[in-house]
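Now for the letters of each chain:
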Amino acid sequence: MPTQTQPAAVTLRVVPRDQHPISRRDISPNALRVLYRLREGGHQAFLVGGAVRDLIVGGNPKDFDVATSATPEEVKHLFRNCRLIGRRFRLAHVVFGREIIEVATFRANSDDGSGDRQVHDDGRLLRDNVYGTVEDDAVRRDFTANALYYTIDDFSVHDYVGGFEDVQNRVLRLIGDPATRYHEDPVRMLRAVRFAAKLGFSIDDATAAPIPELAPLLGEAAPARLFEECLKLFLSGYAEQCFLGLEHFGLLAVLFPESAAALKANRSGALRRVVIEGLRGTDARVRADEPVSPAFLFALLLWPAYCRALIALQAQGMQAVEAQRRAADRVTVHQLATIALPRRFSLPMQEIWLLQSRLSSTQSGQRQRKRVMRTIAHPRFRAAFDFLALRQVASDGHADDVAFWRDAQNDPDNAIALHPEPEGEGDDAPAAPRRRRRRRRPAASAE
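This one's a predicted model, so the numbers in the text were calculated from it and none came from an experiment.

Quick look at the packing of helix H20 (residues 381-390) against helix H21 (residues 399-408)
- With their axes 9 Å apart at the nearest point, H20 and H21 run at an angle of 150 degrees to one another. One element, H20, and the other, H21, form an angle in the roughly antiparallel class. The handedness of the crossing between H20 and H21 comes out as left-handed. In this structure, H20 uses Phe381, Phe385, Leu388 and Ala389 to contact H21, whose residues at the interface are Asp401, Val402, Trp405 and Arg406.
- In the contact of H20 with H21, the residues fall into 6 nonpolar, no polar and 2 charged.

A word on the packing of helix H7 (residues 187-199) against helix H11 (residues 239-249)
- One way to put it is that H7 packs onto H11 with a least axis distance of 9 Å and a crossing angle of 140 degrees. Considering the angle they form, H7 stands oblique to H11. As H7 runs across H11, the sense of the crossing is right-handed. Contacts between H7 and H11 involve Leu190, Val193, Arg194 and Ala197 from the former and Gln241, Cys242, Gly245, Leu246 and Phe249 from the latter.
- Among the residues making up the contact of H7 with H11, the classes are represented as 6 nonpolar, 2 polar and 1 charged.

Considerations on the pattern of salt bridges
- Enumeration according to the criterion identifies 22 salt bridges in this entry.
- Ionic pairing is found between Glu73 and Arg90, a salt bridge with its closest N-O pair at 3.6 Å. Residue Glu73 is found in helix H3 (residues 72-78), and its partner Arg90 is found in the loop between strand S4 (82-85) and strand S5 (91-96); the two are separated by 17 residues along the sequence.
- Residue class for Glu73 comes out partly exposed when judged on its relative accessible area of 44%.

A look at the sheet that holds S4
- Strand order in the open sheet made by the 8 strands is S1-S10-S9-S2-S3-S6-S5-S4, with mixed pairing throughout. Of all strands in the sheet, those with a lone pairing partner are strand S1 (13-15) and S4, marking the two edges. For this sheet, the mean angle separating the axes of adjacent strands, direction not counted, is 30 degrees.
- Inspection of the sheet shows S5 paired to strand S6 (residues 99-105) by 5 bridges, in the antiparallel sense. From the neighbouring strand, His93 faces S6, where its bridge partner is Glu102.
- Sitting on the sheet, helix H1 (residues 29-40) touches strand S2 (45-48), strand S3 (65-68), S5 and S6, and the angle it makes with S6 is about 35 degrees.

What counts and what doesn't
- Residues numbered from 1 in each chain as written.
- Predicted model: local features only at pLDDT ≥ 70, side-chain atom pairs only at ≥ 80, totals over all residues.
- Heavy atoms only, no water.
- Axes fitted to C-alpha atoms, helices over the stretch in contact; angles between N-to-C directions.
- Helix = DSSP H or I, 4+ residues; strand = E, 2+ residues; numbered from the N terminus.
- Parallel < 35°, antiparallel > 145°, perpendicular 65-115°, else oblique.
- Left-handed = near helix turned anticlockwise from the far one by under 90°.
- Contact = heavy atoms within 4.5 Å.
- Nonpolar A, V, L, I, M, F, W, Y, C, P; charged D, E, K, R; others polar.
- Salt bridge = Lys/Arg side-chain N within 4 Å of Asp/Glu carboxyl O.
- Buried < 20%, exposed > 50% of the residue type's maximum accessible area, 1.4 Å probe, protein only.
- Pairing = 2+ DSSP bridges.

Pasting the structure below:
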């Protein structure tokens, strides 16, 4: 059984200002205000974690976190614009308009018997509010690259676990025994994949080796937390590389079991091409600072599962429309056991899937003017159209439908004239049966 993390060897290395690239000009003014106020209050305070790491490799951090010797209550006393959050891991948030500077008290790496540090029998860390020194805090962080501390005292970087060298060598390495650290928090496996993709780092062999075997531990993580982690994985501009990393380490099959099974069974690779192309498009939009809907993202990631479920239901003789609805519901319900997808995203996701048949010319009558106008007016039409266009990667058979709906958005009548509905039915899915209109009986004549 995994044991509590054993203290790692700590050797302080101070990297002076002239030996690192971090400048105060690149640090949030609000983060600097927090650092100076804490120091004036008699507390140790460091810029820490991803911001320091990213500044060293030449990145532009979006978030600036602070580690301090002050307790959360002492931080709140110093800042009127502060609120305390969390039970499992108590933090102070200092709010400056839309920017939040997260301030964490140095955590100890051992239990002081107060009950503020709780570890489950399987090794998961349930509560971590035992405070310690900066050396303690460095050892209990996850990766060496995230355990670098920048101080405004002399503008140096303090390195306790070899993180500065690892960042320079672009290597991601866990602090302590990797298997034990993954048992403490299985989400660290996802963080390893995400950081490697984002930073272009390689994952240290000892850090990578246990992941395939321990991947099922992710099933013990809270579904709500896994939803947030998925947003970080796929909406940070590195979705394609994250997906490939999840595949490589066997994590995709835990996060999206039905999609992973469908991808494995799809010998042509068509479904995988759709997913990869969609993730590339997502990355392009994120980097262009354009919005990406989580509903569209999950419609993409769960599309293989939906297609497989739909085929299975139709093979049982179920009519197309009913099979589509059943497949959408089934995939969504099954996925919720792993990832808590909120209804505000799951319902639009299903609408994107269900609209695919209405955008297909294999369904007779879809290019009648009234139906065309009703489809275009649907609130999810644009997302569904983009999804249809994406599906061309898997099949050229969608080209005519994409051309029709692209033209129909500008001039429906002209589009209908230019793109007449094909004769017969295609092979995407069986058409829904036409409803027969009941003939009204003649009224009985009065005698």
